[in-house]
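Residue-level listing of the chains:
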Amino acid sequence: MTAEATIANEEAWSAVMRRDRTFDGRFVTGVLSTGIYCRPSCAARHPARKNVRFYSDGDAARQDGLRACKRCAPDDVSRDEGAVAKALMLMKAGEGNLSLDQLAEATGYSPTHFQRVFKRNVGLTPAAFQRAVRRERAGEELAVADSVTDAIYAAGYNAPSRFYEDGKERLGMTASAWKNGGEGVTIHWAVIDTTLGAMLVGATQKGVCRLSFNEGPEELERRFPSAELIEGGEEFGALLAQVVSAVEQPGTANDIPLDVKGTAFQEAVWKELRRIPPGETRSYAEIAASVGKPKAVRAAGSANGANNVAVLIPCHRVVRSDGSLGGYAYGLEVKRKLLEKEQ
């Protein structure tokens, strides 16, 4: 590349061919035969590969005599990123909810356009992001507050009922249980043989909270020292059968309920992992870009590694940019077998 983007030509061309919006802002596509440069996601007809050169940004492309495409307006990407950055700062600093209208006014966009820009860059709507921020704050406060109620108000909720309503989809365990290592929570578990080796499965009433390989119940004891651990159980048996099927027959895991929690960034990464179709892979860089943080490649890798439910959140589908497997908590052989099953 010339003054060019920090990604490989092959990866850039692949992003252009699938019009991948997550790469907008990471580079521009210079079309030498027409003298214009575009976003990777430009809807115009694809140029011949021999006529394409990739640049790090519009300035670099203009130095080669190219002009911006009027259809996709590639130079507006930086404005979008600035608007999103400002909104993120306002939401993280605020103690209460900011409405879509307030955020749009602060960034100079219409509400509808800002919502679209924000979701494309962050992977969540502004409202969902603010809920995630409050949940993250609540987790931090629960670790140090004298009471659950104090933690709820310190996290920015105006009433305990809003916290519990906000947490129905994500938290699973109650606030007290979250703070006290699973206190008052019952976790059913089993270790079962699979074609990938011994598999540990643990589940609360809400859903699977742990799926790992070559581990025993002591791992659940370490993670949830105050929970009641019960081996087996009739209702758990039905869920376990679903989990085994998901491991042995890839692509059948989407309906299995989960009980997991993480930071806003981790949850955004996990959401993107569940969007990767069986048989396909993504690079750590692609995952970082898909959640609106193209420079946070290492953080995306860390979020990938923080996944507590292997296979159900398919972190095995993330590989290095050069196509090599990278790492995996349960060994590369397990990762290789999972990917082979999905082929």
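Just above sits the structure.
Here is a short report on the structure shown in this document. Owing to the predicted nature of the structure, the values given are computational and were not obtained by experimental measurement. (Residues numbered from 1 in each chain as written. Predicted model: local features only at pLDDT ≥ 70, side-chain atom pairs only at ≥ 80, totals over all residues. Heavy atoms only, no water.)

1. A look at the sheet that holds strand 1 (residues 28–31)
The following threshold applies: Strand pairing follows a simple DSSP-based rule, namely that at least 2 bridges must link the two strands. Numbered from the N terminus, helices here are DSSP runs of H or I no shorter than four residues, and strands are runs of E no shorter than two. Any two residues having at least one pair of non-hydrogen atoms within 4.5 Å are treated as being in contact. To obtain each axis, a line is fitted to C-alpha atoms, and for helices this fit is confined to the stretch in contact; angles are then taken between N-to-C directions over 0 to 180 degrees.
Read across the sheet, four strands follow the order 3-1-2-4 without closing on themselves; strand pairing throughout is mixed. The sheet is open, and its two edges are formed by strand 3 (52–55) and strand 4 (67–68), each paired on a single side. By the bridge criterion, three bridges tie strand 1 to strand 2 (residues 36–38) in an arrangement that is antiparallel. Directly across from V31, in strand 2, lies its bridge partner I36. In the packing of helix 1 (residues 9–17) onto the sheet, the strands contacted are strand 1 and strand 3, and the crossing angle to strand 3 comes to about 105°.

2. Details of the pattern of salt bridges
We count it as follows: The salt bridge criterion pairs a side-chain nitrogen of Lys or Arg with a carboxyl oxygen of Asp or Glu, the two atoms within 4 Å.
If you walk through the whole model with that rule in mind, you get 13 salt bridges. Here R62 makes a salt bridge to D59, at a shortest N to O gap of 2.2 Å. Of this pair, R62 and D59 both sit in helix 2 (residues 58–63), three residues apart, which is roughly one turn of that helix. Across the salt bridge formed by R210 and E215, the nearest N and O atoms sit 3.0 Å from each other. In the salt-bridge network here, residues are joined through shared partners; they are R210, E215, E219, R222 and R223.

3. A short note on the state of the cysteines
Note the cut-off: Disulfide assignment relies on a single distance test, namely cysteine sulfur atoms paired within 2.5 Å. Categorising residues by exposure relies on relative accessible area from a 1.4 Å probe, with only protein chains included: less than 20% of the type maximum marks a residue as buried, more than 50% marks it as exposed, and the intermediate range marks it as partly exposed.
Inspection of every chain in the model, using the stated rule, returns zero disulfides. Here C38 stays free of any disulfide, with the sulfur of C69 as its closest cysteine sulfur at 3.9 Å. In this structure C38 comes out as buried when scored by relative accessible area, which is 7%. The thiol of C72 is unpaired, and the distance to the nearest cysteine sulfur, on C42, comes to 3.8 Å. Residue classification places C72 among the buried residues on the basis of a relative accessible area of 12%.

4. Here we look at the sheet that holds strand 5 (residues 186–194)
Here we have four strands laid out as an open sheet, ordered 7-6-5-8, and mixed in their pairing. The strands lining the two open edges of the sheet, one partner per strand, are strand 7 (208–213) and strand 8 (228–231). When strand polarity is set aside, the average angle formed by the axes of neighbouring strands in this sheet is 20°. Pairing of strand 5 with strand 8 involves four bridges; the strand directions are parallel. Pairing of I187 across the sheet is with L229, part of strand 8. Here helix 11 (residues 234–248) sits on the sheet and contacts strand 5, strand 6 (197–203) and strand 7; the angle it forms with strand 6, its principal contact strand, is near 135°.

5. Remarks on unusual backbone geometry
Of note in the backbone geometry, A73 takes a positive phi value of approximately 45° without being a glycine. Position of A73 among the secondary structure elements: in the loop between strand 4 and helix 3 (76–93). Unusually for a residue other than glycine, N214 sits at a positive phi of about 60°. Its location among the elements puts N214 in the loop between strand 7 and helix 10 (218–223).

6. Digging into the side chain of E342
The criterion, for reference: The term polar contact refers here to a pair of N or O atoms within 3.5 Å; inside protein, the definition further demands a hydrogen-donor-capable atom paired with an acceptor-capable atom, and it admits residues adjacent in sequence only when both atoms are side-chain atoms.
Along the chain, E342 turns up in helix 15 (residues 332–342). There is a polar contact of 3.4 Å between the side chain of E342 and the backbone nitrogen of G279. Polar side-chain contacts of E342 include one of 2.9 Å to the side chain of R317. Non-local contacts of E342, meaning those with residues more than four positions away in its chain, are made with P250, P278, G279, H316 and R317.

7. What to know about helix 15
Residues lying three or four places apart along an α-helix face the same way, a consequence of the helix completing one turn every 3.6 residues. This is how it is decided: What the arc covers is the set of directions going from the helix axis to the C-beta atoms.
When helix 15 is considered as a whole, its buried residues turn out to be V334, K335, L338, L339 and E342. Projected down its long axis, helix 15 shows its buried positions confined to an angular sector of 130°, all on one face. Contacts from the buried residues of helix 15 go to strand 7, helix 13 (284–290) and strand 10 (318–319).

8. Focus on the packing of aromatic side chains
Pairs of aromatic rings are described using the distance from one ring centre to the other and the angle between the two planes. Our working definition: A pair of aromatic rings is counted whenever rings of Phe, Tyr or Trp (Trp by its six-membered ring) have centres within 6.5 Å, and the orientation is called stacked for planes under 30 degrees apart, edge-to-face for over 60 and tilted otherwise.
Counted under the stated rule, the structure contains six aromatic pairs. Plain terms: the ring middles of F27 and F54 are 5.5 Å apart, the flat faces sit at 85° to each other, and that makes the pair edge-to-face. One end of the pair, F27, is in the loop between helix 1 and strand 1; the other, F54, is in strand 3, with 27 residues separating them in the sequence. Exposure remark for F54: the relative accessible area of 1% places this residue in the buried category. Aromatic pair Y328 and Y330: ring centres 5.6 Å apart, planes at 80°, arrangement edge-to-face. Of the aromatic side chains, those joined through ring pairs into one cluster are Y109, F114, F118 and F129.

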